[in-house]
Amino acid sequence: MELLIARLIDGVNYGVIYGFLALALVCVYRGTHHLNLAQGEMAMFSGFIAYALHAAGLPVILAILGAVAVSFVAGGVVERVLIRPLGAHADYSILLVTIGLFLMLNAAAGVIWGGDPLAFPSLVPDRPDDYIGFFGTRLRYLPLLILGVLLAVMGGLFALFRYTRLGLAMRATASNPESARLLGIRVSGINALGWMLAAAVGALIATLIAPTTTLTTTMMFNFLIYAAAAATLGGFDSPLGAVLAGIVLGVVENLVASYVGFVGSDLKQAVALVILLVVLMVRPTGFFGSKRVERV
Amino acid sequence: MTKRSSKLTLAVAVAALTFASCGAPGDDSGSGSSASDAAVEAAEALGIDLDDCPADMTDPLGDTAKVGLTLPLTGGPAAAFAVLGPGVKSAFEEANAEADLPTKFELILKDDQFQPDKTLVAARELVQKDGVVGFSGVTGTAGVLAIRDLLREECLPGIGLPGGGGTVLDPAYPEVVSGAVPFSLDARVWVEDVNERFPEGAKIATFIGNTESGKDYAEQIDHWLEETGSKSTIVDKETIDAADAAAPSSAVTTMRNSGAEVLFAAPTGAQCISIMTEAANQGWEPVIYMTTNCSSSTYFGAAGGAADGVLTLQTYKDVGSPRFADDAGVQRVRDVLKEYGGGVDLTNTTAYSGYVYGQMFVEAAKQAAASDLGLSKLGLIVAARNLDFHPDMVADGIDFTTSGLSDVAPIEAGELNSWSVAEGGFQQGKLYDFEGELTQK
């Protein structure tokens, strides 16, 4: 039982990270219906910005908030300079631009901060003896903090979408950009906001997990795969769905890898992909995604 | 191979070459088809048929010669490995300025993005377009495997190629001389040390990268457990994807639950840090042996208290460790890098490793120039197969020695050191020396 609980906790911890990054993917996709393949690298770069701010003397919390703020602005700049000029229907061009952005940010981080992993401090106590005992296992403060921040971000986004005019405009744009434009909503501005929110969310997750992963140019590679899988499972236009799917993905993957002998750690990633395949065959829009209906 | 026997082998080879060359007066063309009997004999001793090699195989290299190095200059791995270039280059520049060699070397770099298929393309271009006379510093077992057939076809020396896999130490490829600590040495030292600590046997867990190198590690661990008659058993095998940055909490949960008292860990990059911290975070305290690829103060320092007491095999001097702060060899190489490295980061251990790979090539060139074969491609290969020297960046008591095809591994000794948080560096441990014992039979 103790082992099962430990594995469930491990799975939730992984899943929260997948869900967090999936949320960033959804922020971009909801408005533009584009998958930002550079989302992980944008998050990674933000993590390095936080490192630089901390190295410059800022306390960790201010370094993180500073990186989030810089990323928020940079997300808007990326949308305005690289994405918007291509037009709303340049799907393949935008996909290629995000790949280019991926490569550029990865190389730039390597040139600026080098190839060695860099340690980044935790916001909460994170020494080996900093934990809460829980049914014979250890609940560590950092994963709890990440879960708490994820819930807070979800709550903030829910409030934004539900109770503000800006959120209403974002929902209208996500639902039908043409009609939203006719209603006087600045659709391009709303799309830019989606990129800004995504960049900020990415910055948060990268800086929060950095104490365990350390900062490296490859720190987000695998997470992006899982995040894309989570967003697909939950529905690319559903923030809640993406987060829940991320957590479910983390738990199921970990349990299958732990208890199904031939899977083990070797085929752990394949578990996520099999789940993804099955769900796409049964429910192509994901569990919480909305079906697109087009008038013909 | 001991220093003495290595020198004896080289002397016998040179004497045979001298004798044979006396028997073939006037035959100094040095081409593959008209090579001296001595050259043919020396080549055959290494399994090289000169008839299958380019005609200039035994010709002197001339006043200038190009040496090739493929390495990641773009893409993710570039951040870690691009700095090898200035290190290797410094060794050649230093030789050009200070060594009395008949040939000045120029190092030509080509980007391979650390992808074996691109390594081969880049290497082929270096051979065909630039006319390189050999390679030095090409990194990684997969990269070395990608080019070894090219080296074989073109009869070109690849000296100081840091690939630790067993396949890099294959006598069937005499042109390839590794510059890395072989995984077989790592695995053997781990097993021998476990046998000493746990005479009645221990439960071992392995945490190994899901890569070709990782498979090599796994095979070597199994091999040495059996070979040494160890009573220890592997109770859990965990693997990790090379790109996986997540804390390995699931793997550690499983290994801890297996009751393992010993952990053999061979992950890559930042995973070196996260496996140590995760084990400590879960309160699991096995005897941890960390791959030599992780044996730098960069990784151990970043792991904080979790690294205290963790063991790792070291052959090269760690420039970040207080133990070598005033070391004359490190200081000398630092000065060389400062002069020829083009502003390379002098705290980066990879640059220093690059210097050693280049130094191996230069050392072979010196030996070849002093031999009757002269400084030719064949002379380089023969000299590299009979190396015996002590690089400045290698710990005292460890020499780089090879002897024909009977000892193809230059590095067969290392110190099993432990990290000390109090000292802020590695504490010197036992020196394990398996000289001449790691060549595949």
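What counts and how
- Residues numbered from 1 in each chain as written.
- Chains lettered and ligands numbered in written order.
- Predicted model: local features only at pLDDT ≥ 70, side-chain atom pairs only at ≥ 80, totals over all residues.
- Helix = DSSP H or I, 4+ residues; strand = E, 2+ residues; numbered from the N terminus.
- Rg over C-alpha atoms; globule rule 2.2 N^0.38 Å.
- Buried ≥ 20, exposed ≤ 12 C-beta atoms within 10 Å, placed from the backbone.
- Contact = placed C-beta atoms within 7 Å.
- pLDDT = per-residue confidence, 0-100.
- Domains from an automatic or database assignment.
- Nonpolar A, V, L, I, M, F, W, Y, C, P; charged D, E, K, R; others polar.

### As for the overall build of chain A
Turning to step 1, where the next piece is worked out: Helix and strand counts for chain A come out as 11 helices and two strands.
Turning to step 2, where the next piece is worked out: When its helices and strands are written in sequence order, chain A yields α-α-α-α-β-β-α-α-α-α-α-α-α.
Turning to step 3, where the next piece is worked out: Taken over the C-alpha trace, chain A has a radius of gyration of 19 Å; the compact-globule value for 296 residues is 19 Å, and the two agree within 12%.
Turning to step 4, where the next piece is worked out: Here chain A holds 296 residues, and 50% of them are scored as buried.
Turning to step 5, where the next piece is worked out: Counting contacts in chain A only where the partners sit at least 6 residues apart, residues at least 24 apart contribute 72% of the total.

### Considerations on the confidence of the model for chain A
Turning to step 1, where the next piece is worked out: Averaged over every residue, the pLDDT of chain A is 92; the share at 70 or more is 98%.
Turning to step 2, where the next piece is worked out: The secondary structure element of chain A with the lowest average pLDDT is helix 11 (residues 268-282) of chain A, at 86, and the one with the highest is helix 2 (residues 39-55) of chain A, at 98.

### With respect to the domain arrangement of chain B
Turning to step 1, where the next piece is worked out: One can read the domain layout of chain B as domain 1 (3-181 + 326-410) and domain 2 (183-314 + 414-433).
Turning to step 2, where the next piece is worked out: Broken down by class, the residue content of the side of domain 1 of chain B that touches domain 2 of chain B amounts to four nonpolar, six polar and no charged.

### Examining unusual backbone geometry
Residue and element names in this part refer to chain A.
Turning to step 1, where the next piece is worked out: Here His33, not a glycine, exhibits a phi torsion of approximately 60 degrees, which is positive.
Turning to step 2, where the next piece is worked out: Tracing the backbone shows His33 in the loop between helix 1 (2-32) and helix 2.
Turning to step 3, where the next piece is worked out: Judged by C-beta crowding, with 17 C-beta atoms within 10 Å, His33 ranks as partly exposed.
Turning to step 4, where the next piece is worked out: Its identity is not glycine, yet Phe135 carries a phi of approximately 50 degrees, on the positive side.
Turning to step 5, where the next piece is worked out: Inspection of the secondary structure puts Phe135 in the loop between strand 1 (131-134) and strand 2 (137-140).

### Notes on the environment of Leu225(B)
Residue and element names in this part refer to chain B.
Turning to step 1, where the next piece is worked out: Looking at where Leu225 falls in the secondary structure, it is placed in helix 8 (residues 212-227).
Turning to step 2, where the next piece is worked out: Distance from Leu225 to Val287, taken between C-alpha atoms, is 17 Å for residues 62 residues apart in sequence.
Turning to step 3, where the next piece is worked out: Filtering out sequence-adjacent residues up to four positions away, Leu225 remains in contact with Val191, Ser230 and Ser232.

### Observations concerning the interface of chain B and chain A
Turning to step 1, where the next piece is worked out: Across the boundary between the two partners, chain B contributes 33 residues, which contact 34 residues of chain A.
Turning to step 2, where the next piece is worked out: The biggest single contributor to the side of chain B that touches chain A is helix 9 (residues 249-257) of chain B, with six residues.
Turning to step 3, where the next piece is worked out: Residue classes in the side of chain B that touches chain A are distributed as 14 nonpolar, 16 polar and three charged.

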